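Here's the letter readout for the chains.
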Amino acid sequence: PFTPSYDAADPFVLKNNELFIGDATENICRKASALSVTIETPVTDVESICATSGVLEKLILSRTSKLTASLLLEKHEIGLFDKLINNKTTQAMINIGPTSAGAYVATKGINIYLGNASITSRNRSGDDVILVDIEMSGFTTDTLEDIYLGFV
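A brief structural summary.

Parameters and conventions
- Residues numbered from 1 in each chain as written.
- Predicted model: local features only at pLDDT ≥ 70, side-chain atom pairs only at ≥ 80, totals over all residues.
- Heavy atoms only, no water.
- Phe/Tyr/Trp six-rings, centres within 6.5 Å; stacked < 30°, edge-to-face > 60°.
- Helix = DSSP H or I, 4+ residues; strand = E, 2+ residues; numbered from the N terminus.
- Buried < 20%, exposed > 50% of the residue type's maximum accessible area, 1.4 Å probe, protein only.
- Core = buried A, V, L, I, M, F, W, Y, C linked by side-chain atoms within 4.5 Å.
- Contact = heavy atoms within 4.5 Å.
- Pairing = 2+ DSSP bridges.

### What about the packing of aromatic side chains?
A complete count under the given rule lists one aromatic pair for this structure. Relative to Tyr148, the ring of Tyr113 lies with its centre 6.1 Å away and its plane at 35°, an arrangement referred to as tilted. A residue pair is termed long-range when its members are at least 10 positions apart, and Tyr113 in strand S9 (residues 110-125) and Tyr148 in strand S11 (residues 148-151) qualify at 35 residues. Look at Tyr113 and you get partly exposed, because its relative accessible area is 22%.

### With respect to the nonpolar core
With 20 residues, the main nonpolar core has Ile21, Leu67, Ile134 and Met136 as its most contacted residues. Of all the secondary-structure elements, those providing two or more residues to this core are strand S1 (18-21), strand S5 (64-73), helix H1 (78-86), strand S6 (90-96), S9 and strand S10 (130-138). Apart from the residues within four sequence positions on either side, Ile21 is in contact with Glu26, Arg30, Leu71, Leu80, Thr90, Gln91, Ala92, Ile134 and Met136.

### Let's talk about the pairing of S9
Bridge count between S6 and S9: six bridges; the pairing is antiparallel. Note that in S9 the partner of Thr90 across the bridge is Ala117. With four bridges joining them, S9 and S11 adopt antiparallel strand pairing. When the sheet's bridge partners are listed, Tyr113 is paired in S11 with Tyr148. Here S9 pairs with S10 via eight bridges, running antiparallel. By the bridge assignment, Arg122 is partnered in S10 with Ile134.

In structure tokens, the structure reads:
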């Protein structure tokens, strides 16, 4: 166990940041009004009579990574809409942090990347302006992990 050390950094505010959904050819920032990333790691106790507490360590059983977002899709935007209704595998990337002169400030930014994700749920409303609440789940393949976290 470690005692966290808190620095004087302000919490991130999700404005003037980036959310990309799709491959490299779909390099546009998605208009999101809400965004959440969760990583769940259920654990089990590894018991030992030699350990002071009786528990030697915690063993991670699995990992699930999810991205949820409320997106604004504009009329005739079919690329992402096709992924939504057909549950196609896609990618997602989030860049968060303060910027200065158009670039992220060093040591203050976070990059989250889901190399393979499937859209597991969606809820659509609207006609001219379409609002979509999506949930994406990352999954591991031979070449990519389910989620990558980077600190800039």
